[in-house]
Amino acid sequence: MGKKVKEDKKPPPDDVFDTLSVESRQAGTVVLMLSSPEEDVQSKACEAIYKFVDKCDENKKQLLDLGAGEALLKLMQSEDRIVRRNACMALGVMTAHPDVRKFLRKREEAIPAFIQLLAPEEDTVVHEFSGLGLSNMATEFSSKATIFEAGGVDALVKCLSSSDPDVQKNSVEALAQLLLDYQSRAAIRDADGLNPLLELLKSEFAIIQKLSLLALDRASQDSENRSALRELEAMTKLVDFVAHPEWNDLHVMAVMVLSNLLEDLESLELVKETGGLKRLVALITDQVPPEEEPKAGTGKGEKKAGSRAAKKSAKGSKSGKKEESEKEEPPPGEAIIPTLPDVKMSAAKAIARSARSAENRKILHEQEAEKMLIHLLSHESSDVQTAAAQALGIMSENLLSKDSIREWEGMQPLIKLCNSDNGDVKEAVTLALANLTTGNSTNCQEVSNLNGVETLIHLLADPRDEAVANTCCVLTNMATEEVLRTEAQGKGIVTALLEPLKSQNTRVQAKSSLAVAAYVCDADSRAEFRNAGGLESLIQLLHSGNDEVRRNAAWALAVCAVDEPTAIEICKLGGMDLLQEIQVSGTRKNPFAEVALERLLDANLSAKYALTGQLSSTNLIEDGFYDAGQIRPNTKFMSIEDYCKQELNDKRPVLFINAKADPVTTQSASNPEMEAKENSKTNVSGKSSRTGREGKGKSKQKEKEEKQKEEELQAQLQKEAEALANSENQPVSPPTDSNLVKYIEEVTDRILPLATATDQVKALAQFVADKMGGPIEKGQLPNFSWELPLSQVKFELKSNVIPIGKIKAGIHVHRALLFKALADRIALPCSLTRGEYNRAWNEVMLPETQEQPGGQKFPPCCFLVDLIHQPGQLLKSDSPEAVTYKKL
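Just so you know, these numbers come straight off a predicted model, no measurement behind them.

About the criteria used
Residues numbered from 1 in each chain as written. Predicted model: local features only at pLDDT ≥ 70, side-chain atom pairs only at ≥ 80, totals over all residues. Heavy atoms only, no water. Helix = DSSP H or I, 4+ residues; strand = E, 2+ residues; numbered from the N terminus. Buried < 20%, exposed > 50% of the residue type's maximum accessible area, 1.4 Å probe, protein only. Contact = heavy atoms within 4.5 Å. Areas by Shrake-Rupley, 256 points an atom, 1.4 Å probe, with all protein chains shown as cover. Polar contact = N/O pair within 3.5 Å; in protein donor to acceptor, adjacent residues only side chain to side chain. Pairing = 2+ DSSP bridges. Patch = residues over 30% accessible without salt bridge, like charges linked within 9 Å, V, L, I, M, F, W, Y side chains within 5 Å. Salt bridge = Lys/Arg side-chain N within 4 Å of Asp/Glu carboxyl O. Core = buried A, V, L, I, M, F, W, Y, C linked by side-chain atoms within 4.5 Å. Phe/Tyr/Trp six-rings, centres within 6.5 Å; stacked < 30°, edge-to-face > 60°.

(A) Seen up close, the overall build of the protein chain. For the protein chain, the helix and strand inventory stands at 52 helices and 8 strands. Split into buried and exposed, the 888 residues of the protein chain put 49% on the buried side. Partitioning the contacts of the protein chain with sequence separation of at least 6, the portion at a separation of at least 24 is 66%. A total accessible area of about 44,300 Å² is found for the protein chain, and carbon and sulfur atoms account for 49% of it.

This is how it looks when you write it as structure tokens:
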């Protein structure tokens, strides 16, 4: 670097120092020259510094370290125009270095100095480099605030109208940086800066167009700015911009601005009225815009057609430019230049963004935006396919769009894309299908007609979690139609849902659980799901910390627990214990778990009575029921086999209901072959003794045959005896209650034929009281001896499990259980409720009777059946007598 101060040709006065020529190649020397009082020296030193710092970033840092920043900042405020210009040029270039910007942020006068140099009276070069300095400074947020407070937005907006492209470029770049701050968005509107930004779209320089689009994109994020842009016809101008194929590298940014504008309902209505939306759709789908079809040879677009290079090279008149562009216009019928994939993707995203509002979706549907999106599904770019599918998914939230997409054959490409290798595409199309099939049975049927069921079932094994979750939603929607549900079940959906249940993604777990609940609604599918081990996965999901997963898993278990085999299997796997824990918890408790637990208990009445102390009239006691007493929540419920294996103890006995015939007796009675063999054995024995007496007339050969047959028969009988012994070594089971069998026969013969339910209740109550020790006078219950006889029965049976028929002296808990068991056998509806201190009672719904003939009142009332003091007496459940019966 070097500068030379030339001597003046005129001789200097006597009192003036002779002109001195100095050459320097050290940056430090030039920095010292900045402090010279001579403006000419200052100017040339600034010019030398500008050329030096423009070479590389290291030079900028070097001069900053030498103290050039402070001197240049001072010279920017000099009264000499040339000094100000050169100092601004040097410092403006130096702001590209972060250390220089850090230095200037600490100087309060730095940014106001740049803004002051944007004044109209300053040179164009000063405007250029002041704008450059502000654009560099605006990259930091703190500087944005300082520029805004110093009035930099107004000054920069005025520079947008400059004829110099460099000034325009730096000014619009600075504004684009400032518009990241919400305060500047309002300021540019107040400064009337939106219209100049739109005018810059006509610039011949791509960088200016790009920066103006960037500034418009950020400015249009403000709702009031969008309103102002509508008044400036920004929508039409942007669509015109997209219509120029030579600007295709900037179409994406133009569509992004359109996306912001289309977010408002007013903008959509405006573009609908002007036809701009249909024109944009035609451009995106590479079709001739409707308004331009009759103007193939002439039109507004022709005047602006032509490449960017042609514009730069055309130096002639405006008419010459027009003629040249007209020559380059393709003739009518020639193929339209397609838009870039990024533009198509951005347009689809713009539609999706605008469609988030219900009102906007309606207008977009009226403009047939779905057709464009369906067309884009066939594009070769996966990004375009993803964006189009996402937009269709949002548009399908409109009821009319669901039908239109189907009618315009949009379902087929969506199902076809389910086989794509791109995960984003599969995620987007499954989401679109999920929305399309929600509440629309016709679309569900269309999926089946297009062979989409197998494709969707195959997707359940996809590694993309979101795609699997969306697929579960589609299949759940289809399950509402019985025909489609049956078809999916036949193609193996029940077993295919097992894999998603094991996913670690909570959304997949929740949606797959819901799908299971939708498809295991018949006995065969529940059996298939149970045999495939699906119940274990569902029960594991009850441990989830996600509320939705727990709710959906509980609902699926509630559906599975409808039939008894599945309910029993759920209980064996610990499902009932987990549901109890959930219901006890204050944070995890939910109504779905309550329903699931209730259905499990309905399938296991012994557990229900032990846990809740209540059996309704619809809970019918059958053989195998047992009353183990009240157990606390979260306590493991033991099976009857476990109680039978326990050693005799002094605890409350387990009351057992079993009117089945003894299995050994039944086997003997129902096995005629065994009886025939026994008879055969007797006959053979008799025959062999006769053979011994008549042996003299028989040959030895015949005796040998008879002996062989007898040995074979004895061996067969021995095997059968061993098999019977093995069956006796099986797990201990409670004995048959022969007394209960007789009770049932007697009740069926004597009480069932009675005319009214009231008579049946009274007769059955008296029958139960007679079998359990008869009536007990009021106040004499403590004197009624029932513990000793019960203990004797336990000792005789050597078991804690006592058949109910073995009890000859019983109180409330015994009589109420027997009454419920017998009433269920003769279809007499009644409930069973456990109270405290061995209390239990039955309630029945009967009509009230009046003295007048035929005097029945409806609805029927609830009566408590007295089985203790006056057997057969009916007490209104809310009466004082009934309350006393329950407590005393």
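This is not the end of the story, as more comes after the structure.
(B) Broad picture of the side chain of Asp 462. Note on placement: Asp 462 falls in the loop between helix H31 (452-459) and helix H32 (465-478). Only 2.9 Å separates the side chain of Asp 462 from the backbone nitrogen of Arg 464, close enough to count as a polar contact. Beyond its immediate stretch of four places on either side in the chain, Asp 462 contacts Lys 426, Ala 467 and Val 468.

(C) A look at the sheet that holds strand E4 (residues 801-803). Spatially, E2-E3-E4 is the arrangement adopted by the 3 strands of the open sheet, whose pairing is mixed. One side of each edge strand has no neighbouring strand; the edge strands of this open sheet are strand E2 (626-627) and E4. With 2 bridges connecting them, E2 and strand E3 (residues 654-656) associate as antiparallel partners. Paired with Tyr 626 across the strands is Phe 656, a residue of E3.

(D) Structural context of a nonpolar patch on the surface. Residues Leu 514, Trp 555, Phe 592 and Val 595 make up a contiguous nonpolar surface patch of roughly 280 Å² in combined accessible area. By the secondary structure assignment, Leu 514 is in helix H36 (residues 506-519). We classify Leu 514 as partly exposed; its relative accessible area is 30%.

(E) Fine view of the nonpolar core. Counting 204 residues, the largest nonpolar core has Leu 72, Phe 529 and Leu 538 as its most contacted members. Apart from the residues within four sequence positions on either side, Leu 72 is in contact with Leu 34, Cys 46, Ile 49, Ala 87, Ala 90, Leu 91 and Met 94. Counting residues in each nonpolar core, the second largest holds 55 residues, with Ile 621, Val 768, Leu 818 and Ala 840 among its members.

(F) Inspection of the pairing of strand E5 (residues 831-834) at higher detail. Taking every second residue as pointing to the same face, both faces of E5 are buried, with Ser 831 and Thr 833 on one and Leu 832 and Arg 834 on the other. Bridge analysis of strand E1 (residues 614-615) against E5 gives 2 bridges, and the strand direction is antiparallel. Looking at the pairing, Leu 615 lines up with Leu 832 of E5.

(G) Representation of the packing of aromatic side chains in the model. Taken as a whole, this structure holds 6 aromatic pairs when the rule is applied. Taking 5.6 Å as the distance between ring centres and 85° as the angle between the ring planes, the aromatic pair formed by Tyr 50 and Phe 129 counts as edge-to-face. Taken together, the residues span a long stretch of sequence, with Tyr 50 in helix H2 (residues 39-53) and Phe 129 in helix H8 (residues 124-137) at a distance of 79 residues. Look at Phe 129 and you get buried, because its relative accessible area is 8%. Measuring from centroid to centroid gives 6.3 Å for Tyr 609 and Phe 625, while their planes differ by 45°, and the two rings are tilted.

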